[in-house]
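# An overview of the molecular structure
Letter by letter, the chains look like this.
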Amino acid sequence: MSSASTSQPIVPKTDYIEEKEDEEAYWKIDAEICGMLPNLPKEKGWTSEDLVQYQGFWIYPTFALKAAVHLQHHFNLFQTTGSSTSAARGSLPMYFLATLPKSGTTWLRALMFATLNRSLYDAASPHHPLLTTGPHDCFPCLEMDNMLGNHDHSRPVTSLDHDHHDDRDGGDAMIDSYVPPTSTAQLFATHLPYSLFPKSVTTSSSNYGVSKFVYVCRNPKDVFISLWKFGSKVKAVNTGLAPFSLEEAFDLFCRGVCPYGPYWDHVLGFWKASLEMPEQVLFLKYEYLRKEPSANVKRLAEFLGQPFSEEEESKGVVQQIIKLCSFENLSSLEINKTSRTQQYLVKANIVVENSDFFRKGQVGDWKNFFTDDMAKRMDHIIDERFSGSGLTFANP
Ligand code: A3P
């Protein structure tokens, strides 16, 4: 018998913020953000909008900045108010898939969804939701789903609950099209750095139950090339502006200016947290996932409290999940070849095709683009930033 304990799909249940304090607090914080925005350092964006530097990280002002600030305020507020409903909500575990863009988000979204819902959806079934739903539509992105297109700003950043918001901005339609909610877990993807999460989320003794982070790290050289390729396409399609040249993009990346960067600070934040609290932060590497998918998927399942049973292993369930979520399989599906279904982006009228999330999926593609000087500069930064941390990169 399966050891997976779910009887409902593991999808977000996001009504963990109290309603009563939202309205007033929201507007106050919003005004605060508007006031701080002109004073934040600003740089040209890689995709469709500029980046601003907030608490050391380069983020998008329209949603990531708002999400970060609201998240901090709301969770703190929530913790101090507390109530019976908050206690009930707090018993639900929150699982975050955290990544820097282009580190393997799409892949891990699929793996987490398939692994956590395996008692409901047989990975080998021709009706598995991942065969007809893009990985970005299986569960929401914490910062984007809450902020993009939410022009009236009438609901709190962390509330995607049906009861909490109206449909003036199409929010209900967006949420309704996710797989139905469950009472067993809340699942989010996020690009926000660890340090921008409030203590109430990152501390295990929080009111919200156990929050866990699955972090995926990828070699910075491959992340850079993947980001440059992705950003160039999205920027051209959405703004008509010329994309960065390879040299310009590389210089920005090395200076730390990339979405949710600096790369090193983002990675190190989660790396250190994973060393200090291994039961709360699982640190995975894209390259190792490529090399040893089975060991990594088993680690993932165990970390999320649903280890594979011996029976499941002998039936090949792990391999079925790996095959379902493989680059080759996902990228060949009609839904990922021809559709544009990431709800948070559709809502904001930002054009990103599902196929844009699948390029080569290789380790070491950077070698096809880097000059010797670029490799030397990046290696130097890696040495400088990561020395003594214990973190090493597969650098084929
Ligand atoms: P490349 O551009 O190097 O091909 P993200 O999902 O974080 O946006 O990352 C996108 C990168 O992951 C792209 O890398 C993409 O091809 C790769 N990718 C997408 N799905 C994958 C999968 N199932 N397995 C491995 N890599 C995948």
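Computed from a predicted structure; not experimentally measured.

Time to look at the pairing of strand 7 (residues 281-285). For strand 7, the tally of buried residues reaches four of five residues, placing the bulk of the element in the interior. Two elements, strand 6 (residues 211-217) and strand 7, share five bridges in a ladder whose sense is parallel. Following the sheet pairing, Val-216 is matched in strand 7 by Leu-284.

Attention now goes to the confidence of the model for the chain. With 75% of its residues at a pLDDT of 70 or more, the chain has an overall mean of 80. Counted against residues more than four places away or in other chains, residues 1-20, with its pLDDT under 50, gives 91 contacts. Long-range and interchain partners of residues 76-90, a stretch whose pLDDT sits below 50, account for 29 contacts in this model, where long-range means more than four residues apart.

Here the focus is the sheet that holds strand 3 (residues 57-59). Hydrogen bonds between backbone atoms are what pair the strands of a sheet, whose relative direction is either parallel or antiparallel. Taking strand neighbours across the sheet as the criterion, the three strands line up as 1-2-3 in an open arrangement whose pairing is antiparallel. Two strands lie at the open edges of the sheet, namely strand 1 (42-43) and strand 3, each paired on one side alone.

All told, the structure shown has 30 aromatic pairs when counted by the stated rule. Each ring, one from Trp-107 and one from Tyr-286, has its centre 5.3 Å from the other, and the planes form 75 degrees; the classification is edge-to-face. Here Trp-107 is found in helix 4 (residues 105-116), whereas its partner Tyr-286 is found in helix 11 (residues 286-291), with 179 residues between them in sequence. Note on accessibility: Trp-107 and Tyr-286 belong to one class, buried.

Our focus in this paragraph is the site of the ligand. The immediate surroundings of the ligand are formed by 17 residues, with Lys-102, Thr-105, Thr-106, Ser-226 and Lys-360 found nearest. One of the side-chain nitrogen or oxygen atoms of Ser-226 is found 2.6 Å away from an oxygen atom of the ligand. Burial of the ligand by the protein chains amounts to 98% of its free accessible area of 570 Å². Here the residues of the shell around the ligand sort into six nonpolar, seven polar and four charged.

Cut-offs used in this document
Along each chain, residues carry numbers from 1 onward, in the same order as the chain's sequence is written. Per-residue local features of the predicted model are confined to residues with pLDDT of at least 70, and side-chain atom pairs are confined, for both listing and counting, to 80 or more; whole-chain, interface and lining totals are unaffected and use all residues. Side-chain numbers here rest on the full set of heavy atoms in the structure, without hydrogens or water. Accessibility here uses a 1.4 Å probe with only protein chains present; expressed as a share of the type maximum, an area under 20% marks a residue as buried, one over 50% as exposed, and anything in between as partly exposed. We count a stretch as a helix when DSSP gives it H or I for four or more residues in a row; a strand needs E for two or more, and each element gets its number in order from the N terminus. Pairing between strands requires that DSSP locate at least two bridges from one strand to the other. Every residue gets a pLDDT, meaning the predictor's confidence in that residue, from 0 to 100. By definition in these notes, contact holds between two residues if any of their heavy atoms fall within 4.5 Å. Here a pair means two rings of Phe, Tyr or Trp (six-membered ring of Trp) with centres within 6.5 Å. Their orientation is stacked below 30 degrees between planes, edge-to-face above 60, and tilted elsewhere. Proximity is defined per residue: if any heavy atom of the residue lies within 4 Å of a molecule or strand, that residue is considered near it. Two N or O atoms count as a polar contact when they lie within 3.5 Å, although within protein this holds only if one can serve as hydrogen donor and the other as acceptor, and sequence-adjacent residues are included solely when both atoms are side-chain atoms. Using a 1.4 Å probe, accessible areas were evaluated by the Shrake-Rupley method; residue-level cover was limited to the displayed protein chains. Residue type decides the class: Asp, Glu, Lys and Arg count as charged, Ala, Val, Leu, Ile, Met, Phe, Trp, Tyr, Cys and Pro as nonpolar, and the leftover types, Gly among them, as polar.

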